[in-house]
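Given next are the chains, with one letter for each unit.
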Amino acid sequence: MSERQEPRMVLACGRTARLLLALVVCSAFAAALVLVGAKRGLALRDQPAPALDSSAQLADARVDPNLACLDCHRDPSLSMTFPNGDVLPLTSDIQAFRQSVHGDRLDCIDCHQRHREYPHPALEVRSRRDYARAEYEACKRCHFENYTRTLDSMHFDAMAEGDADAAICTDCHTAHEVTRLEDSPIKIAETCSHCHDDVYQSYAQSVHGSALREENPDVPQCIDCHGVHDIASATTATFRRASVDLCAECHADKKLMDKYDISSRVLKTYLDDFHGKTVGFYQKQTAEVWPDVAVCSDCHGVHDIKAVDDPESSVVKENLVTTCRGCHPDAASNFPSAWLSHYEPDINKASLVYLIKQYYLVLIPVMVAGLVLNIVLDLWRLARNR
Amino acid sequence: MIGAASRDTTTREARGLLLELHGQAQYALLLGSLLVLTLTGLPQKFDSLSLSRWFMDSAGGIETLRLIHHIAGGVLIFAGLYHFALVLVAILVLKVLAPLQMIPDARDFREALQTIRYFLGLQQERVPFDRPSYFQKLDYWVIAWAMALMGASGMALLFPVRAARLISGDVVLATLRVHSDSAILIVAWVLIVHLIYAGLSPALFQDRAAILSGRAHIAGLPVPQTPRLASDAAPPAADRHDPDREISGQGMVPSFGVSRRQEEEPPGNTELGR
């Protein structure tokens, strides 16, 4: 009876062990599935938008999202030809871009959003310039304030009038190698020279330009007079009227002028004299009228301003009458003496003007006081005699 | 003899009437141009005042304001030349010597001194004037000086290149100061003497209405039978005649500015509108 029962017990123990083993194996398989699935899910969330087709690309995209673009745009022979025959190289210098102000902030598709898809959508522009004009508005997504200012600029006006070459953001700042221009004042002038080379050459020879080339930070460069993004036309009555104050921003700054032993009273002496008096009227009135009277630039020059002791200066004594004849063609050689040359009259300089001024300073109050006294005494005597 | 005397009187009356009409025309030109010059000149002198800016804008801007100023200046110069020509015609052609009475002499200085003594209480009675007073002469010459100075300096400012050729650049430089400061002097003089003083001191300026009428009588001539406007037809009796301190006429310069001691009210004065 006992021999028959032992095999049954062995048989029961074997079934239990197999069942346990199966459970362990299944649990391990399930756990492995969960782990793999979770890991794959995380990896997909990190993946950049463009679909990648290899594990190598996946790894690269996690390092630099632009690398996918560079797969094509690293090719030095890559270019596109516009219908008008213009050729646009499409090779990107990623290192130069990385060193730009945008290098650690933007990726290719942040600006080239329409090229997010691949194959890229076809362009509907006829020339390389049209493409640049179509693309530059991408700047306003981040730089809306400055972009808005450009709408008030003469460049935008020119563009609105059909000038395709009117400057846009990328003409001054470049597209991919944008640097902080204010760090290099001479670079600003050079940037403007890309379109305004004749003006730049003239400026470079001037007292301001030559000092700028010597890295003097005190001298004005293009944007100090013309503004930055809302660059106004310099040929309007408004600009002409304001040009006097523009020069005065530096030349009436006593601290700055003392540094170079230049008088800071030039604005006051100008406004007290013939021309300045009239310009003062134009500045005060609301009507927009062209001030047909000499302003600073008419005598000193516009971009080619020389130091007043430079023999080539238009205001040096030998050249002054020629300068006067610019507006007064019949001016005689003694005509410049009808101008105070920014001096304040004193007993040594313009003594006649000084003496007349002193004469009236005494005469007017004495006359008025005398007449009033006359009236008072007359009335007093009339009252007394009654 | 009586007939000849009558004809002579009639001729002299006609001359007097003619000269008075010319005098009034000159006065109208002077008063009008001075007023316009002041209104258009002071905003330029005191251009920082908001009132000046408002006036300048209202006038249509500095260009218009200056144009009006220049035209008024031209009228003033014309009035001056007109007066000078009339003086020459009166003296040389009509043989009326009254304008010469405006030349100052020693008696004027004596009367001025006496007037000062009177003002200071050192003399009881005011000096009786039986001809243009020293003050009227002073007024006449101040205005004459003003017209000449403002006219000349204004022309120099308007034509600086030619002025520099004719005179010198230094003088042109000084004209702005002269023109600007003299303007203040003249405006102050006209305001004080012709408005305040004439209004307050009837002893010196008896015919207050003269500032508007510009009428003056010529010394040595019978008072002409001038058609008069109804508004100035009936001056107060006290103003019309005071034998003790009579100064008929007024101190207005462009007329001859001379006066005539009226011994009696001229008969037969007719008045327009009556």
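Residues numbered from 1 in each chain as written. Chains lettered and ligands numbered in written order. Predicted model: local features only at pLDDT ≥ 70, side-chain atom pairs only at ≥ 80, totals over all residues. Heavy atoms only, no water.

**Points about the overall build of chain B**
Tallying secondary structure elements over chain B gives nine helices and zero strands in all. A fraction of 74% describes how many contacts in chain B between residues 6 or more apart in sequence connect residues 24 or more apart. Here chain B has roughly 13700 Å² of accessible surface; of this, 68% comes from carbon and sulfur atoms. (Helix = DSSP H or I, 4+ residues; strand = E, 2+ residues; numbered from the N terminus. Contact = heavy atoms within 4.5 Å. Areas by Shrake-Rupley, 256 points an atom, 1.4 Å probe, with all protein chains shown as cover.)

**Overview of the interface of chain A and chain B**
Accessible area lost during the coming together of the parts is what is often quoted as the interface size. Across the contact, 42 residues belong to chain A and 49 residues belong to chain B. Carbon and sulfur atoms make up 68% of the area that chain A and chain B hide from each other, which totals about 4000 Å². If you sort the residues of chain A by the area they bury against chain B, Phe281, Tyr360 and Arg381 of chain A come out on top, with a joint share of 16%. Remark: the boundary between chain A and chain B carries two salt bridges. Asp47 of chain B serves as the salt-bridge partner of Lys284 of chain A, at 2.9 Å between the closest nitrogen and oxygen. For the interface between chain A and chain B, the tally reads ten residue pairs in polar contact (both at pLDDT 80 or more). (Buried area = accessible area lost by both parts, 1.4 Å probe. Salt bridge = Lys/Arg side-chain N within 4 Å of Asp/Glu carboxyl O. Polar contact = N/O pair within 3.5 Å; in protein donor to acceptor, adjacent residues only side chain to side chain.)

**Digging into a nonpolar patch on the surface**
Among the surface-exposed residues, Phe84, Leu88, Val89, Leu92 and Val93 of chain B lie close enough to one another that they form a single nonpolar patch of about 470 Å² accessible area. Secondary-structure assignment places Leu92 of chain B in helix α3 (residues 62-93). (Patch = residues over 30% accessible without salt bridge, like charges linked within 9 Å, V, L, I, M, F, W, Y side chains within 5 Å.)

**Quick notes on the pattern of salt bridges**
Opposite charge on two side chains allows them to pair when their charged atoms are near. The tally for this structure, following the rule as stated, stands at 18 salt bridges over all chains. Glu344 of chain A is the salt-bridge partner of Arg265 of chain A, the closest N and O atoms lying 2.7 Å from each other. Placement of the pair is Arg265 of chain A in the loop between α15 (254-259) and α16 (266-272) and Glu344 of chain A in the loop between α19 (317-324) and α20 (351-385), with a sequence separation of 79 residues. Overall, the relative accessible area of 38% leaves Arg265 of chain A in the partly exposed class. Using a relative accessible area of 35% as the deciding quantity, one classes Glu344 of chain A as partly exposed. Of the charged contacts, one joins Glu111 of chain B and Arg107 of chain B as a salt bridge, the two residues approaching to 3.4 Å between their closest N and O atoms. Residue Glu111 of chain B and its partner Arg107 of chain B are both found in helix α4 (residues 106-119); the two are separated by four residues, about one turn of the helix. With a relative accessible area of 4%, Glu111 of chain B lands in the buried category. (Buried < 20%, exposed > 50% of the residue type's maximum accessible area, 1.4 Å probe, protein only.)

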